[in-house]
Amino acid sequence: MNRPFTSVADLMAEMTLAEKIGQLHQSPNDTHLNAEEIRAGRVGSVICTSSAFAGNEDQERVRARKVNEMQRVAVEESRLGIPLLVARDVIHGHRTVAPIPLGQAASWWPEGVKDAAEVAGLEAYADGIRWVFTPMLDIARDPRWGRVAEGFGEDPYLAGIMASAAVLGYQGDDLAAKGRVAACAKHFAGYGAAEGGRDYNTTEISRNTMRNIYLPPFKAAVDAGVASIMSGFHEIGGVPVSGNRWLLTDVLREEWGFEGVVVSDWGAVAELVPHGMAEDKRDAGAKGLLAGIDVDMAAEAYLDHLEELVGSGVVPLANVDQACRRVLELKAALGLFENPYTEPDLADEVHFSAAAQSAVLDLARKSAVLLRNNGLLPLPRKIKTLGVFGPLHDNGRELLGSWCLDGIESDVVTVLDGIKAEFEIEKLYHSDLPDEASFQARHCDVVIVVVGEHHLRSGENNCITTLDLPAGQTDFLAGVKRMGIPTVAVILAGRPLALPRALNDVDAILYAWQPGTLGGAAVAEILSGTVNPSGKLPVTFPRTVGQVPIYYNHKATGRPTDPYGHGWSRYIDEKDSPLYEFGFGLSYTTFGYSDLQVAPHGDGFYISAQVTNTGAVAGEEIVQLYLRDHAATVTRPVKELKGFARIPLKPGESRPVSFELSRHDLGFYGADEVWVTEPGRFTFWVGPNSREGLSQEILLG
Ligand code: GLC
């Protein structure tokens, strides 16, 4: 029964309590969802997945015709004709897959992240999806945790910039416009602090660390207008976030003014029972709604118990009305009442388009990080005898990463494909067998070994206790290197790996993360010098898992240690410094920094430096601005990223790079959880990474 929509208020005035509760239930459209549930108004939204672990298991692709059929039942056969809101985990691309978010962060290129989100949103929209469960904004300081792959790394400022870019890319400035989808910042908040790097585990996060490290990326997403927030599975200091009123209402609603929808993670409302916060699913449903969860994903706690909870006065009707209103307002903002259906042939027009391919290729080009180069790279375009070896040298699926539900493996350009297209090779050897590779390597002028992780060695619930390369790959590399042939290692992984032993002898290392559908092309273009690598690390690389957690924006402690020099606390069996620091990345050229100037500007400062391309080829430098507040009412990190700029420079070209920081920008959340800027001694750095750069101390009055 198609009915004219007038307003959310008018619609709610007609709704029964059961119909309002139906809007708060999100059902997976796996085998058990049927037309009867939709017709009865018991389903407000649908998550397109056939399992609770969508990232880990192959999923049926979503197609507009199937979504339209579900939608038709809701719009034309239910009593009020309220359209469904159809959701999917579109984490880093839909049909055309971009690099994993950790790789995207390594680009330090928000414009590229926005573009990739935009094409992903359009492709998802064409399949009938209007709600994507992305961006994931969990700060991660422990790479044993598999979901480090899905976030934007260890720094709140960088993650916040990427969050805003992603939200803008998916949502645009009109959610009802064609190709626009509702984004969802997740997993609110602090999920990445899981003890032991083990997924879903307890987190112990002080309020001060919560405020200054884990919450800022979500605040950036809210300020960017994100339509929804997803609560996590974990507990913080004894209170599971999906029952945590301080987080979901006091902070998110009352402090930040967020007016969108809060959806729980899969089953997280009912999981208040195993958490030990609720007696049973009825109690969990009450606690979830009262804390601030509007939509219960897949637990059916609201569907089964809210009507009785309201009837018995445990849950005020006003709370149900408020949650229902938010859901209906999101559907109205998406234009679903006017346009609930999707053009069935739109996907054929926009999937895997030239624009989509260009967006993910450009992002892959800028995401790869050159960690070492003794001059071997770039390789000549013409090579007499080339060896391309390694378990991932001609692998497609692993380039798509752990959350790739609608990407198609046959679309993938493997590293070998990319190399064949990029180079002129008289004799090409290639193998994924270590013994064959060692044997063939002796005949080669240069060897490329592609190693790294299976796509399910990271991602949800895929956590590891070492940070080594997977079994056998270190020996693979050693066997090839033993032949004494110039060797490049290309690493495709979903996390920072501790690599020293495996790579001691290789001549060059390119870390390409899981670079997406066109990742092999990007890797090959970098190896040939067609593309000068510019990526920089969004996470610290440890020497060994024993150093974890290790991150650049750490506190000084009362017995400071210079990780690159001497100091108090130290390991007796390992260096204190990381293998590669946050913000590190090499280029085929070199850049020089000079003439740092810090001048009062408004109530803050204007910071500038001269950056020069001191090498022989054009390149892009990601100039980074760091700050330290030397003494404050709470301890502050030894360095904090406060700005960055990606600067293209021709050989010999020099240009000023400037930043403006207000007095507010120098502040932090104090012990009272209020933002404050305190006078005192500050140091600014401008440089190529979190370790090096020009510095100047100033006194803030
Ligand atoms: C999963 C993930 C979450 C995802 C949701 C739906 O368990 O934690 O990121 O969006 O469930 O698949």
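Residues numbered from 1 in each chain as written. Predicted model: local features only at pLDDT ≥ 70, side-chain atom pairs only at ≥ 80, totals over all residues. Heavy atoms only, no water.

1. Overview of the nonpolar core
So, point 1. Among the nonpolar cores identified, the biggest contains 170 residues, and Phe188, Ile229 and Trp513 are the most heavily contacted of them.
So, point 2. At 8 residues, the largest contribution of residues to this core is made by helix H7 (residues 156-171).
So, point 3. Of the domains in this structure, domain 1 (360-547) and domain 2 (591-700) are the two that each give at least three residues to this core.
So, point 4. Setting aside residues no more than four positions away along its own chain, Phe188 makes contact with Leu215, Phe218, Ile229, Met230, Ser231, Gly232, Val241, Leu247, Leu248, Leu252 and Trp256.
So, point 5. Leu370, Leu379, Leu399 and Val488 belong to the second-largest nonpolar core, a separate cluster that totals 33 residues. (Core = buried A, V, L, I, M, F, W, Y, C linked by side-chain atoms within 4.5 Å. Buried < 20%, exposed > 50% of the residue type's maximum accessible area, 1.4 Å probe, protein only. Helix = DSSP H or I, 4+ residues; strand = E, 2+ residues; numbered from the N terminus. Domains from an automatic or database assignment. Contact = heavy atoms within 4.5 Å.)

2. As for the sheet that holds strand S21 (residues 654-661)
Through backbone hydrogen bonds, the strands of a sheet pair up, either in parallel or in antiparallel fashion.
So, point 1. Taken together, the 3 strands give an open sheet; going across it, the order is S17-S18-S21, and neighbouring strands pair in antiparallel fashion. Two strands close off the open sheet at either side, each with one partner strand: strand S17 (591-601) and S21. Each strand axis lies, on average, 20° off the axis of its neighbour in the sheet, ignoring direction.
So, point 2. Inspection of the sheet shows strand S18 (residues 604-613) paired to S21 by 8 bridges, in the antiparallel sense. Across the sheet, the residue bridging to Ala609 is Val657, located in S21. (Pairing = 2+ DSSP bridges. Axes fitted to C-alpha atoms, helices over the stretch in contact; angles between N-to-C directions.)

3. Some thoughts on the domain arrangement of the chain
So, point 1. Segmenting the chain into domains produces domain 1 (360-547) and domain 2 (591-700).
So, point 2. Listed as interface residues are 4 residues of domain 1 and, on the opposing side, 9 residues of domain 2.
So, point 3. With both sides pooled, the region where domain 1 packs onto domain 2 buries about 520 Å², and carbon together with sulfur makes up 44% of that total.
So, point 4. Looking at the side of domain 1 facing domain 2, the largest losses of area belong to Asn532, Ser534 and Lys536, adding up to 80% of the total buried there.
So, point 5. Where domain 1 packs against domain 2, one counts 1 salt bridge.
So, point 6. Its salt-bridge partner being Lys536, residue Glu621 comes within 2.9 Å of it at the nearest N-O pair.
So, point 7. Linking domain 1 with domain 2 are 4 residue pairs in polar contact (both at pLDDT 80 or more).
So, point 8. A per-class count over the side of domain 1 that touches domain 2 returns no nonpolar, 2 polar and 2 charged. (Buried area = accessible area lost by both parts, 1.4 Å probe. Salt bridge = Lys/Arg side-chain N within 4 Å of Asp/Glu carboxyl O. Polar contact = N/O pair within 3.5 Å; in protein donor to acceptor, adjacent residues only side chain to side chain. Nonpolar A, V, L, I, M, F, W, Y, C, P; charged D, E, K, R; others polar.)

4. Here's the deal with the site of the ligand
So, point 1. If you check the shell around the ligand, you find 14 residues, and the closest are Asp89, Arg147, Lys186, His187 and Asp265.
So, point 2. Between an oxygen atom of the ligand and a side-chain N or O atom of Asp89, the distance comes to 2.5 Å.
So, point 3. The side chain of Arg147 places a nitrogen or oxygen atom 2.7 Å from an oxygen atom of the ligand.
So, point 4. Here the residues of the shell around the ligand are counted per class, giving 8 nonpolar, 1 polar and 5 charged. (Near = heavy atom within 4 Å.)

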